[in-house]
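What follows is each chain in one-letter form.
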2 protein chains.
Amino acid sequence: MPMRRIHLIVEYDGTNYAGWQRQLNALAVQQVLEEALERLTGARVVVHGASRTDAGVHALGQSCHFDTESRIPADKFSYAVNTLLPPDIRVRASREVPPDFHARFSTVGKRYRYLFYDDRHAGALNRFTHAHSIYPLEDRRMQAEADALIGAHDFAAFAASGSVVKDTVRTIWRADVTRSGHDVKLIVEGSGFLYNMVRIIAGTLRDIGSGKLAPGALRRAIDTGDRLDLGVTAPAHGLTLMEVFYDLPEAAGRMNE
Amino acid sequence: MPMRRIHLIVEYDGTNYAGWQRQLNALAVQQVLEEALERLTGARVVVHGASRTDAGVHALGQSCHFDTESRIPADKFSYAVNTLLPPDIRVRASREVPPDFHARFSTVGKRYRYLFYDDRHAGALNRFTHAHSIYPLEDRRMQAEADALIGAHDFAAFAASGSVVKDTVRTIWRADVTRSGHDVKLIVEGSGFLYNMVRIIAGTLRDIGSGKLAPGALRRAIDTGDRLDLGVTAPAHGLTLMEVFYDLPEAAGRMNE
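This one's a predicted model, so the numbers in the text were calculated from it and none came from an experiment.

### Details of the pattern of salt bridges
Residues and elements named next belong to chain A.
Working step 1: Inspection of every chain in the model, using the stated rule, returns 27 salt bridges over all chains.
Working step 2: Across the pair Lys76 and Asp75 runs a salt bridge whose closest N-O atoms are separated by 3.2 Å.
Working step 3: The salt bridge partner of Asp139 is Arg179, with a shortest N-O separation of 2.8 Å. Placement of Asp139 in helix α3 (residues 139-146) and of Arg179 in strand β8 (residues 169-180) is noted, with a sequence separation of 40 residues between them.
Working step 4: Here the salt bridges do not stand alone but share partners, grouping Arg111, Arg174, Asp176, Glu189 and Glu243 into one network.

### Quick look at the interface of chain B and chain A
Working step 1: Listed by partner, the interface residues are 31 residues for chain B and 31 residues for chain A.
Working step 2: Between chain B and chain A lies a buried interface of about 2,200 Å² when both sides are counted; carbon and sulfur atoms form 53% of it.
Working step 3: Among the residues chain B hides against chain A, the three largest losses belong to His121, Leu125 and Arg127 of chain B. Together they make up 30% of the total.
Working step 4: In this assembly, chain B and chain A are joined by four salt bridges.
Working step 5: Between Arg92 of chain A and Asp119 of chain B there is a salt bridge; the shortest N-O distance is 3.9 Å.
Working step 6: Run the count over chain B and chain A and you get 12 residue pairs in polar contact (both at pLDDT 80 or more).

### Describing the pairing of strand β3 (residues 58-68) of chain B
Residues and elements named next belong to chain B.
Working step 1: Across the 11 residues of β3, 10 count as buried, placing the element largely inside the fold.
Working step 2: Relative to β3, strand β2 (residues 48-49) runs antiparallel, the two sharing two bridges. Bridging from a neighbouring strand, His48 pairs with His65 of β3.
Working step 3: With two bridges joining them, β3 and strand β10 (residues 239-246) adopt parallel strand pairing. In the strand pairing of β10, Ala59 is matched with Leu241.

Parameters and conventions
- Residues numbered from 1 in each chain as written.
- Chains lettered and ligands numbered in written order.
- Predicted model: local features only at pLDDT ≥ 70, side-chain atom pairs only at ≥ 80, totals over all residues.
- Heavy atoms only, no water.
- Salt bridge = Lys/Arg side-chain N within 4 Å of Asp/Glu carboxyl O.
- Helix = DSSP H or I, 4+ residues; strand = E, 2+ residues; numbered from the N terminus.
- Contact = heavy atoms within 4.5 Å.
- Buried area = accessible area lost by both parts, 1.4 Å probe.
- Polar contact = N/O pair within 3.5 Å; in protein donor to acceptor, adjacent residues only side chain to side chain.
- Buried < 20%, exposed > 50% of the residue type's maximum accessible area, 1.4 Å probe, protein only.
- Pairing = 2+ DSSP bridges.

See below:
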């Protein structure tokens, strides 16, 4: 068989993993997926992921690709590999893509979700997916603040220290804060995100929502480039990678709505 | 201190418990809660729960009471006992109630939620809260079927075999089926439910939604009293006890919306 490039959409519960990227001394999602694909195809497999999610971060729509000479039909990879994966990792869809497609470098945007739960007591059922706030969160004030993110800005202040990226300009076209009961949901969509950027945005919005930080911090930080204008990074477990966008014909429609 | 009766609203993730009721050879939520309250009050505590949820079943609003001579203010029990409980059990609220209040016998109604996820592949993040259906579920057909539940009926057919309850008449005043993406949610509210009744209703609606069972099964089973007219009992982990209702003045408002 000729070599084919296969694109996968992957969902995982990040609770029990050291993040997406393969590591020496801890189990990462990439390693589990590569080992399952190697058992399936009988050959060495390298999986290229769109986003290196941190330990504890979840994904409903991680995107990755690998090359294979296997004869398995492209759309059947999802079914086949799921029989070899643990229940906290599921391949949602698989398809063949052109050989110049790259899950990471072909990306034109991503959508992330951050979930808060504001109540006097922490929740039990949502303890792995929602960051708890004992302070009530003013979601309208958070939305007004989040509006400052929209557009193309230099987000230098929003990168975790130690980041080595040169170009820190990113475009954000969606930043929505909505409430349902005690759940406060942030959805951000943009061209790309610096390391920890969504968790820094979420933590700043949380601090503004609880009154700990004065409104205007996001705009100020965009102007000054100073990380100290922003709030404390929100915990990993509230974050979920929802979808990765490409300029590919979407014959199959969006794979994760 | 005189003896006081304290009412608790309890949330738990039922995944790692053998259900609510204390057992000899497996860990139940009741036992964990009693042991925490005994450490807190320094005296033996017996907790009376409103509903004996099965292994794997969750609760956002389990209701229970206990008697104590402790000096801890009634509304502070929730904070104090939460420091002694594992993170998969949380007391959401506590208050003093009259000595003739009984969490189980004073009940005038309950609300349950059942969650399905219909997609080609099972989910990873929702694997402990949603029952997976590989068949698409026709939620409008399920809603039309669920309408037959409304009213006072003899639900003899809806009790798990081995049930010893004599009076099998119950009143259901709400049975709503709604969809959001691949999530199909059933909410049922009624005066009371026989053992496994909600899971039998959920399983029947699932089988009607997938086309496995012909519409009309619920009404037929109400008429015939025959368990065989109904679908297979839906799995425990899709079920959550949402709220228990009482004829008490709701000074504190609903404790679980």
